[in-house]
Amino acid sequence: AKALARLKSEGVVKAIGTGLSELDWQRRFMDAADFDLIYKLALDRLLEALTSAGMAAGASLSLNARPVTVWGKPLAIKRALGNLIDNAIRYGVRVEIDLRREGEQAVITIRDHGPGLPDDALQRMFEPYLRLSHGVQSNAGGNGLGLWIARNAVRRHGGDIVLRNHPDGGLEATVTLQGLVGE
């Protein structure tokens, strides 16, 4: 409750949804038990808060975000994006985050300037408890669940996460989310 109240005070959570379009969206992507937990979520403000927190901790981050609002569960989306950004900070030298609207979906790209991943590991990284040797060396306390949890949260919102090695180096995570709110 405190975390949700903080997101509301930061303007990340705009309002509790009540419209017919929201109900249609919920029926399509969410379990019936979750209906009362859906909010208008300002992704640009959420990413600004996550980026500011990372920069305050000394990370090199840049954000290019246009205003985009989706229906969603704020804490689940915050956890998913936070995990991806934390991983990018941990394994990359510099992190670039981009938020845009493409058609009927929000697209978030998180690119680090680290070593990337072996091509054969890109899909396997979403398996629970999977950790590569360089991940264990740089973060001994991890348990290999972060990407699995992030992808499940995003998929429950009708979206997905795709990892790829950027042609100029580093890893790029692309998050797509459905449930855009008409602006």
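First, a word on what this report is: a plain description of the structure on this page. (Residues numbered from 1 in each chain as written. Predicted model: local features only at pLDDT ≥ 70, side-chain atom pairs only at ≥ 80, totals over all residues. Heavy atoms only, no water.)

Let's talk about the nonpolar core
Counting 37 residues, the largest nonpolar core has L43, L81, I108 and L163 as the members making the most contacts within it. Looking at this core, the elements that each hand over two or more residues are α3 (43-56), α4 (74-91), β5 (95-102), β6 (105-112), α6 (146-156), β7 (160-165) and β8 (171-177). By residue number, the principal contributor to this core is α4, which donates six residues. (Core = buried A, V, L, I, M, F, W, Y, C linked by side-chain atoms within 4.5 Å. Buried < 20%, exposed > 50% of the residue type's maximum accessible area, 1.4 Å probe, protein only. Helix = DSSP H or I, 4+ residues; strand = E, 2+ residues; numbered from the N terminus.)

Structural notes on the pairing of strand β4 (residues 69-72)
Side chains of β4 alternate between two faces, with T69 and W71 and V70 and G72 buried alike. Across four bridges, strand β2 (residues 39-42) lies against β4 in antiparallel orientation. The residue of β4 that forms the bridge with K40 is W71. (Pairing = 2+ DSSP bridges.)

Focus: the pairing of β7
The pairing of β7 with β8 spans six bridges and is antiparallel. Within β8, the position partnered with R164 by the bridge is E172. Counted along the chain from β7 to the antiparallel partner β8, the turn is five residues long, and its residue G169 has a positive phi close to 105 degrees.

Focus on the sheet that holds β7
Ordered in space as β3-β5-β6-β8-β7, the five strands form an open sheet in which the pairing is mixed. Of all strands in the sheet, those bounded by a partner on one side alone are β3 (61-65) and β7. Averaged over all neighbouring strand pairs, the angle between strand axes comes to 15 degrees, with direction disregarded. Here β3 pairs with β5 via five bridges, running parallel. (Axes fitted to C-alpha atoms, helices over the stretch in contact; angles between N-to-C directions.)

Concerning the pattern of salt bridges
Where side chains of opposite charge bring their charged atoms close, a pairing between them can arise. According to the stated counting rule, one finds seven salt bridges in the structure shown. Here E96 makes a salt bridge to R94, at a shortest N to O gap of 3.6 Å. Note on R94: relative accessible area 38%, which makes it partly exposed. For the salt bridge of E172 with R164, the shortest nitrogen-to-oxygen distance reads 2.7 Å. Among the ionic contacts, a cluster of salt bridges with common partners joins R94, E96 and R111. (Salt bridge = Lys/Arg side-chain N within 4 Å of Asp/Glu carboxyl O.)

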